[in-house]
Amino acid sequence: MRLRRIMEHVRTLNWVAVAVDFIIVVAGVFIAMQVSNWNGARVENKRAAEFKQRLLGDLRGEDKVLEATIDYYRQVSASAETTLNALMMRQASSNEALLISAYRASQYAWAPNLRATFDELVATGDLSLIHDAKLRDIAVAFYTGEAFEISDVEGRQSRYREAFRMTIAPETYRAITKACGDRPDAANGANISYVCKLDLPQADIDDAAEALRANKELSALLRLRIAELDNELDSFVTVKDFLESSLGDYEKSARRRSD
């Protein structure tokens, strides 16, 4: 309709009307573009705010994962020390207690990172939606770290874990896992610090314990595993300290900006 009117004004040489119509068309296009840009910016800002809150929530959750992981590996390390002392005859231990501590010394923590938001931002190329450079740097530093990956590999591929499984009978291993394996804990994730009792004939317990004592490599492999656990715990504590201090500083700065 507007174009038809412009053509009519051109044919009648009504240049003032042509100019007015042209200005109206240009103004309409400009306003439409501005509205579109405003809507696009509003949608992007909403997405950015949602991603920011999700990312912050994930990082706060990671702090709790780290706390649970540190607690778990301290339990594993304590079991390894107890087993080594029993094998070296430095402390008395019943056959059942030796079998339980030896099993728990072979355990490793597995907890998936809460990294879905970060991975989505990276995969879609939208990491720049996190406009706050400090928060973005915290997330990149944390999620590109290797503490969890190293711990997972060393735990699964532990030579002590392999030797323990090779030393005892499969049915004995299954019974220990059922009675003394990881249990969910609302506060600390997986838990192996609870008291358990093996549902096995005493003869089977005695045979397994004697097999452990007869394995001459086991003490050396326990020392190796204890050293690995020390390094893993140091790494996790360092990462946890970094995350807590970085998030604390970030949230203080955010509160100051909002005041």
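Our structure's up above, just so we're on the same page.
Because the structure is predicted, anything quoted here is derived from the model rather than measured.

K.L.:
What am I meant to see in the overall build of the chain here?
P.N.:
Across its full length, the chain carries ten helices and two strands. Along its sequence from the N terminus, the chain presents helices and strands in the succession α-α-α-α-α-α-α-α-β-β-α-α. Per-residue burial over the chain gives 40% buried out of 259 residues. For the chain, restricting intrachain contacts to residue pairs at least 6 apart in sequence, the fraction spanning at least 24 positions comes to 78%. Just so you have it, the chain exposes about 15100 Å², and 57% of that area is on carbon and sulfur atoms.

K.L.:
Is there a simple way to think about the nonpolar core in this case?
P.N.:
Most often, soluble globular proteins keep nonpolar side chains buried together rather than apart. Leu55, Leu59 and Tyr73 are the most contacted members of the largest nonpolar core, which has 32 residues in total. Sorting the residues of this core by element identifies α2 (15-87), α4 (116-123), α5 (133-143), α6 (147-156) and α10 (218-258) as the ones contributing at least two each. Dropping the residues within four chain positions of it, Leu59 is found in contact with Leu135, Ile138, Ala139, Phe142, Tyr143, Leu243 and Leu247. Ala175, Ile176, Tyr194 and Leu218 belong to the second largest nonpolar core, which has 31 residues in total.

K.L.:
Looking at this model, I keep getting lost on the state of the cysteines. Mind explaining?
P.N.:
In protein chemistry, a disulfide is the covalent bond that joins the sulfur atoms of two cysteines. Under the defined criterion, the tally for this structure stands at one disulfide. Note on cysteine connectivity: Cys180 is disulfide-linked to Cys196, with sulfurs 2.0 Å apart. Taking the sign of the S-S torsion, about 95 degrees here, the bridge from Cys180 to Cys196 comes out right-handed. In this pair, Cys180 sits in helix α8 (residues 170-180) while Cys196 sits in the loop between β2 (189-191) and α9 (202-214), placing the two residues 16 residues apart along the sequence.

K.L.:
Please clarify how the pattern of salt bridges should be interpreted in this entry.
P.N.:
Once their charged atoms are close, side chains differing in charge can pair, the charge on each being opposite to the other. Evaluation of the coordinates by the stated rule reveals eleven salt bridges. Its salt-bridge partner being Arg54, residue Glu120 comes within 3.0 Å of it at the nearest N-O pair. With Glu120 in helix α4 and Arg54 in helix α2, this residue pair connects regions lying 66 residues apart in the sequence. Take Glu120: its relative accessible area is 33%, and that puts it in the partly exposed class. The exposure class of Arg54 is partly exposed, given its relative accessible area of 36%. Across the pair Arg225 and Glu228 runs a salt bridge whose closest N-O atoms are separated by 3.1 Å. With Arg225 and Glu228 both in helix α10, this residue pair falls three residues apart, about one helical turn.

K.L.:
What exactly am I supposed to notice about the packing of helix α3 (residues 95-104) against α9 here?
P.N.:
The relative placement of two packed helices is expressed as an angle between their axes plus a distance between the axes. Interhelical geometry of α3 versus α9 gives an angle of 60 degrees and a closest axis separation of 9 Å. With respect to α9, the element α3 is oriented oblique. Like other packed secondary-structure pairs, α3 and α9 cross with a definite hand, here left-handed. Between α3 and α9, the residues in contact are Asn95, Glu96, Leu98, Leu99 and Ala102 and Ile205, Asp206, Ala208, Ala209, Glu210, Leu212 and Arg213, respectively. Tallied by class, residues from the contact of α3 with α9 come to seven nonpolar, one polar and four charged.

K.L.:
Where do I start with a positive patch on the surface in this structure?
P.N.:
A contiguous patch of positive charge, built from Lys134, Lys252, Arg255 and Arg256, is present on the exposed surface. The exposure class assigned to Lys134 is partly exposed, which follows from its relative accessible area of 37%.

K.L.:
So what exactly am I meant to see when it comes to α8 here?
P.N.:
At 3.6 residues per turn, the α-helix brings residues three or four places apart onto the same side. Among all positions of α8, only Thr172, Tyr173, Ala175, Ile176, Ala179 and Cys180 are buried. On an axial view of α8, the arc spanned by its buried residues comes to 160 degrees, and they lie on one face. Exposed residues lying more than 90 degrees from the buried face of α8 are Arg174 and Lys178.

Each value, and the rule that gives it
- Residues numbered from 1 in each chain as written.
- Predicted model: local features only at pLDDT ≥ 70, side-chain atom pairs only at ≥ 80, totals over all residues.
- Heavy atoms only, no water.
- Helix = DSSP H or I, 4+ residues; strand = E, 2+ residues; numbered from the N terminus.
- Buried < 20%, exposed > 50% of the residue type's maximum accessible area, 1.4 Å probe, protein only.
- Contact = heavy atoms within 4.5 Å.
- Areas by Shrake-Rupley, 256 points an atom, 1.4 Å probe, with all protein chains shown as cover.
- Core = buried A, V, L, I, M, F, W, Y, C linked by side-chain atoms within 4.5 Å.
- Disulfide = S-S within 2.5 Å.
- Salt bridge = Lys/Arg side-chain N within 4 Å of Asp/Glu carboxyl O.
- Axes fitted to C-alpha atoms, helices over the stretch in contact; angles between N-to-C directions.
- Parallel < 35°, antiparallel > 145°, perpendicular 65-115°, else oblique.
- Left-handed = near helix turned anticlockwise from the far one by under 90°.
- Nonpolar A, V, L, I, M, F, W, Y, C, P; charged D, E, K, R; others polar.
- Patch = residues over 30% accessible without salt bridge, like charges linked within 9 Å, V, L, I, M, F, W, Y side chains within 5 Å.
- Lys, Arg positive; Asp, Glu negative; His and termini not counted.
- Charge placed at Lys NZ, Arg CZ, Asp CG, Glu CD.
- Arc of directions from axis to C-beta.

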